[in-house]
Amino acid sequence: IYYSRNEAGNQRLSDFIIYPVQNPVELKNVLTLSLGLKIQVVKRRILYMYKTTRIHIDDVKELGAFLEFEVPVENSEQEAQGIMDLLISEFAITGEDFIKESYSDMLLKR
């Protein structure tokens, strides 16, 4: 998955491309040989759905547990923002709870 997004805000709109892979082990080997392996993120993810929103609960080795919402913009950004606001409220998330770094960046800093 390739993401293009502004990383500055707590809530970020993303454009992304998903490329289906027939043989992920072989692709990993080719990419590792050609680009090297910077860091490996090991995680277990539980996925819940609220309407079309993906709610991820990740347990990341060496980092702990994390919660992420992926709200697709289907009809309007305002509708998507309303769903995001609802979930933030229901899960009692505060501004200090937001993390802007990727798991790999956090692992590299350890």
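In case you missed it, the structure is sitting above this.
Note that this is a predicted model, so its numbers are computed, not measured. (Residues numbered from 1 in each chain as written. Predicted model: local features only at pLDDT ≥ 70, side-chain atom pairs only at ≥ 80, totals over all residues. Heavy atoms only, no water.)

Asks: Go over the overall build of the protein, please, and point to the residues and values.
Replies: Per the secondary structure count, the protein includes three helices and five strands. Ordered by position from the N terminus, the helices and strands of the protein form the series β-β-α-β-β-β-α-α. On the principal axes, the C-alpha backbone points of the protein span a range of 45 × 30 × 25 Å. By the burial criterion, 15% of the 110 residues in the protein qualify as buried. If you take every contact in the protein between residues at least 6 apart in sequence, the share linking residues at least 24 apart comes to 38%. Only carbon and sulfur atoms are counted for the fraction: they give 54% of the accessible area of the protein, which is about 8,800 Å². Looking at the protein, you have 13 positive and 17 negative side-chain charges, and the mean spots of the two groups are 7 Å apart. (Helix = DSSP H or I, 4+ residues; strand = E, 2+ residues; numbered from the N terminus. Buried < 20%, exposed > 50% of the residue type's maximum accessible area, 1.4 Å probe, protein only. Contact = heavy atoms within 4.5 Å. Areas by Shrake-Rupley, 256 points an atom, 1.4 Å probe, with all protein chains shown as cover. Lys, Arg positive; Asp, Glu negative; His and termini not counted. Charge placed at Lys NZ, Arg CZ, Asp CG, Glu CD.)

Asks: Hey, could you go over unusual backbone geometry for me, with residue numbers and the actual values?
Replies: Its identity is not glycine, yet Lys51 carries a phi of approximately 55°, on the positive side. Within the secondary structure layout, Lys51 lies in the loop between strand 3 (43–50) and strand 4 (53–60). Backbone geometry places Ala92, a non-glycine residue, at a positive phi of 55°. Take Ala92: it is sitting in the loop between helix 2 (77–90) and helix 3 (103–108).

Asks: Can you break down the packing of aromatic side chains residue by residue, with the values?
Replies: Tallied over the full model, the rule gives two aromatic pairs. Taking 5.2 Å as the distance between ring centres and 55° as the angle between the ring planes, the aromatic pair formed by Phe69 and Phe91 counts as tilted. With Phe69 in strand 5 (residues 64–70) and Phe91 in the loop between helix 2 and helix 3, the pair connects residues that are 22 residues apart, well separated along the chain. You can call Phe69 buried: its relative accessible area is 12%. A residue is classified by how much of its surface remains accessible, and Phe91, at 40% relative accessible area, is partly exposed. (Phe/Tyr/Trp six-rings, centres within 6.5 Å; stacked < 30°, edge-to-face > 60°.)

Asks: So, the sheet that holds strand 4: which residues are in play, and what are the values?
Replies: As summarised here, the arrangement of the three strands in space is 3-4-5, forming an open sheet in which the pairing is antiparallel. Among the strands making up the open sheet, the edge pair consists of strand 3 and strand 5. Adjacent strand axes in the sheet meet at a mean angle of 15° when their direction is disregarded. (Pairing = 2+ DSSP bridges. Axes fitted to C-alpha atoms, helices over the stretch in contact; angles between N-to-C directions.)

Asks: Break down the environment of Asp85 for me, with residues and values.
Replies: In this structure, Asp85 sits in helix 2. In this structure the C-alpha to C-alpha distance between Asp85 and Lys38, which are 47 residues apart in sequence, comes to 35 Å.

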